[in-house]
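# Structural features, examined
Each chain, written out:
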Amino acid sequence: MAEQIFHDHESDHGHRAKWFAGRVAVYGILLLWTVICLFPIYWTITTSFKLAPDVMKGNMVPWWDFTPKWKGWDSLGISPKYWAVESTVREEFLKRFTNSAIVSVSASLLAVVLGSMTAYGLSRFRYKFGFMRNPDISFFFLSQLILPPVVLALPFLVLYKELALLDTRIGLILLYTLTVLPIVIWIMRDQFLSIPVELEEAALVDGLSVWGAFVTIILPIALPGMVAAFILSLVLTWNEYFFAALLTSTDAKTLPVMVASQTGSQGINWWSMAALSTAAIFPLVIIGVVLERYIIKGMAAGAVK
Amino acid sequence: MSAEGDLLHVVTSDQIGPARERLGRGLIWGSFGVMVLAFVYCTLADNGALGLELTNWRPALYGYLIWATCFCIAQVVLYGEQGKRRLFLLPATLFVVAMVIFPLIFALGIAFSNWNLSSLEGRSFNGWDNARQAWGDPFYWNALKNMVYYTLAILVEYTIAFGLALILASQIRARKLFRVAFLLPLMLSPVAVSWMVGKSMMEARFGPLARLGRELGWDRPSFFGDPEIARATIMVMDAWTFIPFMMIMILAGLQAIPKEVQEAAKVDGANGWRGFWEVTFPLMLPVSLTAILIRIIFKLKLADIIINVTSGGPGGATDSVTSFIFREYRDRSNVGYGTFLAILYLVLIVLAITAFMKAVDRWMNPRY
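This structure is a prediction, so every number in the text was calculated from the model and none was measured. (Residues numbered from 1 in each chain as written. Chains lettered and ligands numbered in written order. Predicted model: local features only at pLDDT ≥ 70, side-chain atom pairs only at ≥ 80, totals over all residues.)

## Details of the overall build of chain A
Note the threshold: Every helix listed is a DSSP run of H or I at least four residues long, and every strand listed is a run of E at least two residues long, numbered separately from the N terminus. The quantity called the radius of gyration is restricted to C-alpha atoms. Its globule counterpart is 2.2 Å times the number of residues to the power 0.38. Neighbour counting defines burial: a residue surrounded by 20 or more other C-beta atoms within 10 Å of its own C-beta is buried, one with 12 or fewer is exposed, and intermediate counts give partly exposed, using backbone-placed C-beta atoms. C-beta atoms are first placed from the backbone for all residues, and any pair lying within 7 Å is then listed as a contact.
Scanning chain A from N- to C-terminus turns up 14 helices and two strands. Computed over its C-alpha atoms, the radius of gyration of chain A comes to 26 Å, more than 25% above the 19 Å expected for a compact globule of 305 residues. Principal axes of the C-alpha set define a box for chain A whose edges measure 80 × 75 × 35 Å. Each of the 305 residues in chain A was classed as buried or not, and the buried ones make up 45%. Sequence separation of at least 24 residues holds for 72% of the intrachain contacts in chain A that already meet a minimum separation of 6.

Have a look at this one:
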């Protein structure tokens, strides 16, 4: 066999080893961070199936070093054994879950409606309210983001008491709408600015009114942005704890408040706490996995001009 | 953004007759009268002048709603096409005014009074007493100092987030999978995180992190005993949930950089480290600053984890301003003092952020 004439230089082989080492480092970092991100979730889910001795021995892998048991879910009333049985804990949990769902979905919807209108107006027309022009109005809305919730918390406590809105879902919905409105406006403004004006001009020439063009032409195009804004608002409102802890007590209490009140009561009831936490994060983990595209789109809106 | 405004310029011939104008003005002032009447009724009933027991101030709220609705309708009646455009902004504006401006003014009133919600006395104006009390309150200043530490931790978060974003933007397999995994911490509620990480994984005896600590030679791992360590732990937990947020923003910025720029730099001999510092990093500055600014804003609201894991302890070492005011209210239910502290915090934040933005502006657009 004749000797190979064209072959890599010695130094190129070294280069290859270096490239390989680089790849290993990159995937090493990626895997490490994946473990950091996912381990707490894994830990919580597995702990909800453990018994006390398993927790103390630090067993981690189901069916390998411990047998999964329904104990934690029994205490929540959500397990095969207790499905049919009446359970006060489950009732309580479902009530909090419904509260959270209703409050976060309606607040996000309201914020998306109000925010889209505002963002569209600001991106298309010229306004003058007194000394305020478009950039000032934009700033007025976006600056709400700086406002820390604690500034509004105590005044709202007093105002809601006077208005009999304390411990009602409506009260929470209004407040949550306010907290996510600036974010929605930010995302939607970006969205509308990327839609060419010629579309509306054509629609207006064809006889649609300004609002007609907005609803029938622009909104369908801006739908992905609206979904992104909606999902992001949903995440923020579902997880909100501070206002809910201050403004609700019995009727309108949301899921985070329930989780927090269970943590406070001592005597580490690991399995039931783990089950409760798992149930509380479950909806958002699903949303995160399925709708990841939209969340990223929403957060990227402000980054790229 | 200069592209804003007056893009859709339409000339319309609206003929607003005098009757229509009267109708519009009538609507505004009529509903305004209704609102004023509702307010007067509530005030009088509250003072007991009508001999009625005032159950709540709902009538005043309904009055405002009626006025707001009529005001919106009247815009179209009065100004035709122009009014329809105002309608895009009006609902949100009226909402924000009712929910922010009005409570803020109300808060200023509360801030200068002594008002214990659990006592029957009600509110009494006490001038600058709250200010004097705040000035001499070591725990409040301690909480403010903690906020500075917490905010400084953002630089570390930023570095990690940038590194991860660089890796995610490079040529790797299963990018989507990693992206989903990295995003998940952001989806979890801080309250659940406080239990999952703070209370169970860091539990001194059985928690996996404590076990890991023992393996690595830390004989009595305690994450919340020592003030410094407790503060660092809180920072880590908060960073864990929010690094994905910065990472995604930076990733979006990285993907928006045209490939040609980096290729040109490579041709010119800037590879690896130098290519990053002299090309990628400067190009990423605007995005980085936006990400950091938003992260600062979110950081200043930090409370949930602290309230649920340490409730400020040990000895106020982990307190953020929000969690401190929360406990102050929970323990003493003094609305007046708490509100004063909150307003002071707001003023400090606005000053700090304005200064930050001015400095950034000066740095980004130097005037020679």
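## Let's talk about unusual backbone geometry
All names here are of chain A. Although it is not a glycine, Ala-164 adopts a positive phi angle of roughly 60°. Backbone geometry places Asp-167, a non-glycine residue, at a positive phi of 60°. Assignment of secondary structure puts Asp-167 in the loop between helix H6 (149-163) and helix H7 (169-193).

## Brief notes about the interface of chain A and chain B
We count it as follows: The residue classification treats Ala, Val, Leu, Ile, Met, Phe, Trp, Tyr, Cys and Pro as nonpolar and Asp, Glu, Lys and Arg as charged. All others, Gly included, are polar.
If you look at the interface, chain A gives 85 residues, while chain B gives 82 residues. Residue composition of the side of chain A that touches chain B, grouped by class: 65 nonpolar, 15 polar and five charged.

## Remarks on the UniProt feature "transmembrane region" (unreviewed entry) in chain A
As a reminder, the rule being used: UniProt positions are given in the numbering used here, feature names are shortened, and annotations may be inferred rather than shown by experiment.
The feature "transmembrane region" (unreviewed entry), as given by UniProt, occupies residues 24-45, 101-125, 137-158, 170-188, 208-236 and 268-291 of chain A in the numbering adopted here. End C-alpha atoms of residues 208-236 of chain A are separated by 37 Å, and the span's content is 90% helix alongside 0% strand.

## As for the domain arrangement of chain A
Residues and elements named next belong to chain A. Formally: Throughout, the edges of the domains are those of an automatic or database domain assignment.
Taken domain by domain, chain A holds domain 1 (10-82) and domain 2 (88-300). Placing a centre on the C-alpha atoms of domain 1 and another on those of domain 2 gives a separation of 33 Å. Facing 15 residues of domain 1, the contacting portion of domain 2 comprises 13 residues. Taken together, the elements giving at least two residues each to the side of domain 1 that touches domain 2 come down to helix H1 (10-47) and helix H3 (71-76).

## Section: the packing of helix H1 (residues 18-47) of chain B against helix H2 (residues 58-79) of chain B
Residue and element names in this part refer to chain B. This is how the line gets drawn: Note on geometry: axes are lines fitted to C-alpha atoms, helical ones only across the stretch in contact, with angles between N-to-C directions running from 0 to 180 degrees. Just so you know how the angles are binned, under 35 degrees is roughly parallel, over 145 roughly antiparallel, 65 to 115 roughly perpendicular, and the rest oblique.
For the pair H1 and H2, the least separation of the axes is 8 Å and the interaxial angle reads 170°. As far as their axial angle goes, H2 and H1 are roughly antiparallel. Grouping the constituent residues of the contact of H1 with H2 by class yields 22 nonpolar, three polar and two charged.

## Things to note about the UniProt feature "domain: ABC transmembrane type-1" (unreviewed entry) in chain B
With numbering matched to this structure, UniProt assigns "domain: ABC transmembrane type-1" (unreviewed entry) to residues 143-358 of chain B. Taken end to end, residues 143-358 of chain B has its terminal C-alpha atoms 26 Å apart, with 78% of it in helix and 0% in strand.

## Things to note about the packing of helix H9 (residues 227-256) of chain B against helix H11 (residues 273-299) of chain B
All names here are of chain B. Where we set the bar: By the definition used in this description, the sense in which the near helix is turned from the far one sets the handedness, with an anticlockwise turn below a right angle giving left-handed and a clockwise turn giving right-handed.
One way to put it is that H9 packs onto H11 with a least axis distance of 9 Å and a crossing angle of 160°. Comparing the axis directions of H9 and H11 gives the class roughly antiparallel. As H9 runs across H11, the sense of the crossing is right-handed. Residues Phe-242, Phe-245, Met-246, Met-249, Ile-250, Gly-253 and Leu-254 of H9 lie in contact with H11, whose contacting residues are Met-284, Val-287, Ser-288, Thr-290, Ala-291, Arg-295 and Phe-298.

## So, the nonpolar core
Using the following cut-off: Remark: nonpolar core denotes a set of buried Ala, Val, Leu, Ile, Met, Phe, Trp, Tyr and Cys residues whose joining runs through C-beta atoms within 7 Å.
With 166 residues, the main nonpolar core has Val-184 of chain A together with Met-247, Met-249 and Ile-250 of chain B as its most contacted residues. For this core, the element with the highest residue contribution is H9 of chain B, accounting for 15 residues. When residues no more than four places from it in sequence are discounted, the contact partners of Ile-250 of chain B are Ala-161, Phe-162, Ala-165, Met-284, Val-287, Ser-288 and Ala-291 of chain B. Core analysis: the next-biggest nonpolar cluster, separate from the first, contains nine residues, Leu-27, Met-35, Ala-74 and Leu-78 of chain B among them.

## Structural notes on H6 of chain A
Test applied: Expected helix span is computed as 1.5 Å times (number of residues minus one). What the bend at a residue measures is the angle between two axes, fitted to the seven residues ending there and to the seven starting there.
Helix length check: H6 of chain A, at 15 residues, gives a terminal C-alpha distance of 20 Å against a target of 21 Å (1.5 Å per residue), a fit within 8%. Along H6 of chain A, the largest kink reaches about 30° and is centred on Phe-156 of chain A. Counting buried positions over the 15 residues of H6 of chain A gives eleven, a clear majority of the element. Taken together, the buried positions of H6 of chain A are occupied by Val-150, Val-151, Leu-152, Ala-153, Leu-154, Pro-155, Phe-156, Leu-157, Val-158, Leu-159 and Tyr-160 of chain A. On its buried face, H6 of chain A is in contact with H7 and helix H11 (242-247) of chain A together with helix H3 (81-111), helix H13 (321-332) and helix H14 (335-364) of chain B. Backbone geometry just after H6 of chain A places Ala-164 of chain A at a positive phi near 60°.

## Here we look at the environment of Leu-183 of chain B
Topologically, Leu-183 of chain B is positioned in helix H6 (residues 175-187). Through-space distance from the C-alpha of Leu-183 of chain B to that of Met-247 of chain B is 8.8 Å; in sequence the pair is 64 residues apart. Residues within four places of Leu-183 of chain B in sequence aside, it is in contact with Gly-288, Glu-292 and Ile-295 of chain A together with Pro-244 and Ile-248 of chain B.

## Quick look at the domain arrangement of chain B
All names here are of chain B. Looking at chain B, the domain boundaries give domain 1 (18-111) and domain 2 (135-364). On the side of domain 2, five residues touch domain 1, which itself brings four residues to the contact. Class assignment for the residues of the side of domain 1 that touches domain 2 results in four nonpolar, no polar and no charged.

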